[in-house]
Structures are given as C-alpha cells and as structure tokens.
Amino acid sequence: MITIKNLVKTYTTRSKTTTALNGINLEIGKGEIFGIIGHSGAGKSTLIRCINMLEQPTSGSVWIGDTDMTRLGKRQLQRQRRRIGMIFQHFNLLSSATIYDNIAFPLRLERMSRSEIDRKVKAMLELVGLTEHATKYPAQLSGGQKQRVGIARALATDPNVLLCDEATSALDPQTTDSILRLLLDINRKLGLTIVLITHEMHVIQSICDKVAVINDGIIAEQGPVIEVFLKP
Ligand code: ADP
Ligand code: ADP
C-alpha cells in the first residue's frame, strides 16, 4: 500500500544543514495500523509529512499504491491528497466555523452538491458521535471532541490512508484511549490504512499492528509490535 524507498530529507537554513531523514525504507500494508515511534527530533514529523508531500523529500520515493508521490505535478498531487486524510496534535480546526462547516470544508473544495455534502457531513458526525454538536464552534468543545471533528473532517473525502501526527499528545490519558478506540473502530469498519507517529509507547501498544522505531533519521527497528517490544 505505502512503500518508502531510500527517503532522504535535509533542511538547509542559512548556514546550517540538518539531515532529518537519512535513508528511510518502509513497507506499510493495506489496512494496517502502523506506528512510528521516536524521541523528539528523531524525524517523525518530517517522515509523516513526506507521505503526503507537505514536505518535499530531498531524494528517494514514496509510493502509495502504484503512484510515486514525489513525481506528481501540482494537479495530480491535489487529486492524490484527497485520498490521504491527516489529523494533527492541535487539531487545526477553523475556529470561526461551526463543527458542521469544519467537516464540510474539504467537500466544498471538491464542489460537491449541497445535498451530497449534507449527507456526508451527517454521516461523519454520526461516525464520531458528535451529531448533537453540529452547530457549535470548536471553542465550545473539549479536546477529545475537537479531535473527533478532526477525524470526521479527515475522513469526509473517503481517503484510504489516514496520517496521524501526534494526534493524542495534547489529550489526557482517558481521552487518549477513547480516541484510539475510535481509530481502531474506523480501521476495522472502513479497512482504512492508518499511519501514526507518536513518542508514547502506550499508543503503539494499544492499537498498532506494526511499528518502526526511528532514531536520528534512521529506522532502528521495525516489525510486528509484539516482536519489536517483547524481545529480550
Ligand atoms: P520529530 O517529529 O521526531 O520531533 P522532526 O521531523 O520535527 O522530528 O525533526 C527532525 C530534525 O529536523 C530535527 O533536528 C529538527 O530540528 C529538524 N527540522 C524539522 N523541521 C525543520 C525545518 N522546517 N527547518 C529546519 N530543520 C527542521
Ligand atoms: P513537533 O514536536 O510537534 O513535531 P517540532 O518542534 O518538530 O514540532 O516542529 C514544529 C514546526 O517547526 C514544524 O513545522 C517543523 O517543521 C518546524 N521546525 C522544527 N525544527 C525546526 C528547525 N530547527 N528550524 C526550523 N523549523 C523547524
């Protein structure tokens, strides 16, 4: 489903060059929940942002199905991005828009009809359990509810991949668990491939099938969670 080959990303700022990713190779299967764990500065954000080309890799390739994301023109990239949802640590909701409008936003960009949008937004609200909150604004919701809106918005365009960038790091342990349960539920229901980055072992152990440990821009280890973490 996702194949990352020899991925290198360097950042150059004025005098300094930082190698954030130094030859990453990963194979993520369809329908898997794949976790990437590492310390702060290990390269996790850079790696996940290279999957949907929010960062342009320096070299190497990122295949989603039979498309090399690094070789797409602007138009083709926009089309591919609809198939890739993303959720964020700080939710990234539009504060001046209602919950309904936040979820409708990516659908309006696709110029769907009003009635189609309405049907889709309502289905998403139900999926994440926020039907009663449609007319509220983000500031009126708890952190966990805001992340549910983030998930609903990310799934509205029917992606086959969901990228989660420290999606539970701003939440308390109980809320974290309910969001992880929702992600697991969505994975099982929709067959969605989920890639998540985290610095928390607990997140990996509670829902991931496979894990890669990233350290200094290199994959130190990868495999099924039980094999990687239960080794002597
Ligand atoms: P993580 O998500 O694991 O904390 P990052 O991918 O954010 O790691 O960062 C990896 C390395 O790349 C760090 O040394 C960081 O300082 C550097 N880095 C990340 N983004 C940029 C950027 N936009 N410009 C320069 N250096 C960056
Ligand atoms: P997080 O811990 O949430 O990954 P980071 O501190 O890694 O946050 O990065 C926050 C933002 O700052 C990102 O957009 C990242 O690309 C950028 N960034 C990180 N390190 C640097 C750096 N050394 N120079 C410039 N920008 C950076």
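Conventions adopted
The numbering scheme is per chain: residues are counted from 1 as the chain's sequence reads. All chains are assigned letters beginning with A, and all ligands numbers beginning with 1, in the order in which they are written. The predicted nature of this model means local features are confined to residues of pLDDT at least 70 and side-chain atom pairs, given and counted, to a pLDDT of 80 or more, with totals for whole chains, interfaces and linings taken over all residues. Water and hydrogen atoms were dropped before computing side-chain values, which therefore reflect all heavy atoms in the structure. In the sections that follow, a salt bridge refers to a side-chain nitrogen of Lys or Arg positioned within 4 Å of a carboxyl oxygen of Asp or Glu. Working definition: helices are DSSP H or I runs of at least four residues, strands are E runs of at least two. Numbering for both runs from the N terminus. Only heavy atoms are used to decide nearness, and a residue is near a molecule or strand if one of them lies within 4 Å of it. N or O atoms within 3.5 Å of each other form a polar contact, as long as, within protein, one can give a hydrogen and the other can take it, and as long as residues adjacent in sequence are counted only when both atoms are side-chain atoms. Per-residue and other accessible areas were derived by the Shrake-Rupley procedure at a 1.4 Å probe size, with only the shown protein chains allowed to occlude residues.

Trainee: Quick rundown of the pattern of salt bridges? Include the residues and the values.
Mentor: Two side chains of opposite charge can pair, provided their charged atoms sit close to one another. Going through the model one piece at a time under the given rule, you end up with nine salt bridges. Residue Glu32 is joined to Lys210 by a salt bridge in which the shortest nitrogen-to-oxygen separation is 2.9 Å. You can see Glu32 sitting in the loop between strand 2 (16-28) and strand 3 (33-37) and its partner Lys210 sitting in strand 9 (residues 210-215), a full 178 residues away along the chain. Each of the salt bridges in this network shares a partner with another, and the network as a whole consists of Lys9, Arg49 and Glu55.

Trainee: An account of the site of ligand 1 is needed here, citing residue identities and associated values.
Mentor: Near ligand 1 you find Tyr11, Thr18, Ala20, His39, Ser40, Gly41, Ala42, Gly43, Lys44, Ser45 and Thr46, and these make up its full shell. The separation between an oxygen atom of ligand 1 and a polar main-chain atom of His39 is 3.4 Å. Take Ala42: an N or O atom from its main chain is 3.2 Å from an oxygen atom of ligand 1. Within the complex, the protein chains bury 62% of what would otherwise be the 550 Å² of accessible surface of ligand 1.

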